[in-house]
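If you want the building blocks of each chain, they are given just below.
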Amino acid sequence: MIGSAQRRSAVAVAAVVAALAPLAACGDSSSAGGGGGGVAKGATLTIGVSTVATGPLAINDQCTQGLLAYFKYRNAQGGIGGHKVEVNVIDSQGTVAGGATAARTLLGDKPFAVFILSTAPFTGAQSVLKTAPETPVLVLANGSLLKAAKLPNAFGMFTDYTTESFVGIKHLAGLGKKKIALVYDPTIGENAADEDPAEAAKYGAEIIKIPVPSTTSNFAPIVQKLRDSGADGIVFQVVAQSIAGTMKEARKAGLTLPAVSYSGQLNASTLQLGGDALEGMYFSGLFPLLSDPAPAVQEFATQIEQYKPDAKTVLGELGWNTGAMIEAAVTDAEKGGELTQQTFMAALHGLGGRPVGVLQTVGWTATNTNSIDAGNTDVFALYQVRNGAFVKV
């Protein structure tokens, strides 16, 4: 079951727990949390999760639901090498302060590892996480943020938005575009704004920077800037509402530009917001769409229907795959000897270059685990909106 020591920062999380409890079996088996010591065979592994169950970023909770479903599924099969997995979930409410509080509470329970979602909560959690360098930290946030945090025990479960902007630049340059507008939210695209000009120059192109805060509601001035600049393509690093607003306003103004966005917006809600205005637009993606025939993807699609159908999304798939990566590292660590937090982290490093779960290749390298792509644009697929659906190019 969900651990009795778990505490909640929001009442809404109770519904999340009720939907999936009991997650892991309780009983006579010992529980393996933090402390750096060896983990006994068959001991329950505890994973602490700082999620975003409430607030404007609550869509990220689908990732947590995917993780919960994965371990409920594995626990029903006997666990990971005999280890049942217990997951403690706390709602950070998507804020910096909530992230610090959630991390402090989770670490106080001495978990084997923690999973932090998303950018703002991770920002708040960093100072807390630095007090527990022995605890493995899995993070769903922009890889550039992890790089800046300089946490040697942190592992990025998501992409680096700057790398994905490079994917967009490369694609637009391949279409012959020379004046590429970076339409970005300063809270997530600052690093891209710094690095994209040099990347574009490799292709003989230039970058026009157009900041668009997430609170923007009038997109006519944005489209006017695009027109005045002479931009012939767009790379988006903004929230889905801003993509939809910009593309709808551009269509209304008769401005047609090829556009590319990052995988954080590769979901049905983006299509619903943008409607016909997104037709022909491109999205980079590392995690496969649920229509992919690969056995691992179809296993997720089948099992998530049983355990948490609302998480049958790319974000849910990401959480599910995080569970698969935890399982792979635990298995590898025990093959090599005793399972400890240190051997688990060493095994996580060793997943780089291998297929794990739904990923054909984990992009991590021996020195870069900031993002699942590790700065490699070649690991991304490209999708285009055709007839209101994402189609792999």
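Residues numbered from 1 in each chain as written. Predicted model: local features only at pLDDT ≥ 70, side-chain atom pairs only at ≥ 80, totals over all residues. Heavy atoms only, no water.

K.L.:
Could you clarify how one ought to interpret the pattern of salt bridges in this entry?
P.N.:
Any two side chains of opposite charge can pair, so long as their charged atoms come close to each other. Counted by the stated rule, this structure contains six salt bridges. Put simply, Asp332 and Arg354 hold a salt bridge, and the shortest N to O gap is 2.7 Å. Taken together, the residues span a long stretch of sequence, with Asp332 in helix α12 (residues 314-335) and Arg354 in the loop between α13 (341-349) and β12 (381-386) at a distance of 22 residues. Using a relative accessible area of 32% as the deciding quantity, one classes Arg354 as partly exposed. (Salt bridge = Lys/Arg side-chain N within 4 Å of Asp/Glu carboxyl O. Helix = DSSP H or I, 4+ residues; strand = E, 2+ residues; numbered from the N terminus. Buried < 20%, exposed > 50% of the residue type's maximum accessible area, 1.4 Å probe, protein only.)

K.L.:
Whenever I open this one, the environment of Asp194 confuses me. Can you help?
P.N.:
Mapped onto the elements of the fold, Asp194 is located in helix α7 (residues 186-201). C-alpha of Asp194 to C-alpha of Ser284: the two residues are 90 residues apart in sequence and 20 Å apart in space.

K.L.:
Explanation requested: unusual backbone geometry in the structure shown.
P.N.:
Trans is the prevailing form of peptide bonds, just as negative phi is the prevailing case for residues other than glycine. Following Leu117, the chain continues into Ser118 via a peptide bond in cis, with omega recorded as -5°. With respect to the secondary-structure elements, Ser118 resides in the loop between β4 (113-117) and α4 (119-129). Although it is not a glycine, Lys110 sits at a positive phi angle of roughly 55°. As for its placement among the helices and strands, Lys110 is situated in the loop between α3 (96-108) and β4. On the basis of relative accessibility, which here comes to 54%, the residue Lys110 falls in the exposed class.

K.L.:
Please clarify how the sheet that holds strand β13 (residues 389-392) should be interpreted in this entry.
P.N.:
Strands belonging to one sheet form pairs held by backbone hydrogen bonds; the direction of such a pair is parallel or antiparallel. Read across the sheet, seven strands follow the order β8-β7-β9-β10-β11-β12-β13 without closing on themselves; strand pairing throughout is mixed. Strand pairing shows two members of the sheet lacking a second neighbour, β8 (206-211) and β13, which therefore form its edges. Shown here is a sheet whose adjacent strand axes are inclined to one another by a mean of 30°, direction ignored. Note: strand β7 (residues 179-184) against strand β9 (residues 233-237), five bridges, orientation parallel. Following the sheet pairing, Val183 is matched in β9 by Phe236. (Pairing = 2+ DSSP bridges. Axes fitted to C-alpha atoms, helices over the stretch in contact; angles between N-to-C directions.)

K.L.:
Before we go on, may I ask you to explain the pairing of β13 in this structure?
P.N.:
Side-chain positions along a regular strand alternate between the two faces of the sheet. Here β12 runs beside β13; their pairing, made up of four bridges, is antiparallel. By the bridge assignment, Arg386 is partnered in β13 with Ala389. In this structure, the hairpin formed by β12 and β13 is closed by a connection of two residues, where Asn387 is found at a positive phi of approximately 55°.

K.L.:
What is the right way to read the side chain of Asn368 from this model?
P.N.:
Examined against the element boundaries, Asn368 turns out to sit in the loop between α13 and β12. In contact with Asn368, other than residues within four places in its own chain, are Ala374 and Gly375. (Contact = heavy atoms within 4.5 Å.)

K.L.:
Just to check I follow, could you spell out the nonpolar core for this structure?
P.N.:
Soluble globular proteins tend to bury their nonpolar side chains together. Membership of the largest hydrophobic core comes to 105 residues, with the highest contact counts inside it found for Phe115, Val183, Phe236, Phe344 and Trp364. The element best represented in this core is α12, accounting for 10 residues. Counting residues in each nonpolar core, the second largest holds 20 residues, with Leu129, Val137, Ala149 and Leu151 among its members. (Core = buried A, V, L, I, M, F, W, Y, C linked by side-chain atoms within 4.5 Å.)

K.L.:
I tried to follow the packing of helix α8 (residues 220-229) against helix α9 (residues 240-252) on my own but got confused; where do I start?
P.N.:
The description of two packed helices rests on the angle between their axes and on the distance between the axes. As a packed pair, α8 and α9 sit with axes 9 Å apart at the nearest point and diverge in direction by 65°. Where α8 crosses over α9, the handedness of that crossing is right-handed. Of the residues in α9, those in contact with Ala220, Ile222, Val223 and Leu226 of α8 are Thr246, Glu249 and Ala250. For the contact of α8 with α9, a count of residues per class yields five nonpolar, one polar and one charged. (Left-handed = near helix turned anticlockwise from the far one by under 90°. Nonpolar A, V, L, I, M, F, W, Y, C, P; charged D, E, K, R; others polar.)

K.L.:
What is the right way to look at α3 in this model?
P.N.:
It helps to recall that an α-helix has 3.6 residues per turn; residues three or four apart then point in one direction. Given a rise of 1.5 Å per residue, 13 residues ought to cover 18 Å, and the 19 Å separating the end C-alpha atoms of α3 matches this to within 8%. Here α3 has its buried residues at Gly98, Gly99, Ala100, Ala102, Ala103, Thr105, Leu106 and Leu107. For α3, the elements touching its buried residues are β2 (44-51), β3 (85-91), β4 and α4. Residue Thr95 occupies the N-cap position of α3, its side-chain oxygen lying 2.8 Å from the main-chain nitrogen of Gly98. Lys110 sits one or two positions beyond α3 and adopts a positive phi of about 55°. (Expected span 1.5 Å × (residues − 1). Polar contact = N/O pair within 3.5 Å; in protein donor to acceptor, adjacent residues only side chain to side chain.)

K.L.:
What is the right way to look at the confidence of the model for the protein in this model?
P.N.:
Low pLDDT means the predicted coordinates in that region are not meant to be read closely. Mean pLDDT for the protein: 90, with 91% of residues reaching 70 or above. Contacts for the low-pLDDT stretch residues 1-30, under 50 throughout, to residues beyond four places or in other chains number 65 contacts. (pLDDT = per-residue confidence, 0-100.)

K.L.:
Would you take a moment to explain the packing of aromatic side chains for this structure?
P.N.:
Ring pairs (aromatic) are described by centroid distance and by the angle formed between their planes. A complete count under the given rule lists 10 aromatic pairs for this structure. Considering the side-chain rings of Phe300 and Trp320, the 5.5 Å spacing of their centres and the 65° angle between planes classify their relative orientation as edge-to-face. On the criterion of sequence distance, the pair formed by Phe300 in helix α11 (residues 295-307) and Trp320 in helix α12 is long-range, its members being 20 residues apart. Side by side, Phe300 and Trp320 carry an identical accessibility label, which is buried. One aromatic cluster is present, built from ring pairs that chain together Tyr70, Phe71, Tyr73, Phe300, Tyr307 and Trp320. (Phe/Tyr/Trp six-rings, centres within 6.5 Å; stacked < 30°, edge-to-face > 60°.)

K.L.:
So what exactly am I meant to see when it comes to the packing of α3 against α4 here?
P.N.:
In contact at an axis separation of 6 Å, α3 and α4 are set at 45° when each is read in the N-to-C sense. Compared by their axis directions, α3 and α4 come out oblique. For the pair α3 and α4, the crossing hand works out as right-handed. Facing Val96, Gly99, Ala100, Ala103, Arg104 and Leu107 of α3, the residues of α4 in contact are Ala120, Pro121, Gly124, Ala125, Val128 and Leu129. Looking at the contact of α3 with α4 residue by residue, the class counts come to nine nonpolar, two polar and one charged. (Parallel < 35°, antiparallel > 145°, perpendicular 65-115°, else oblique.)

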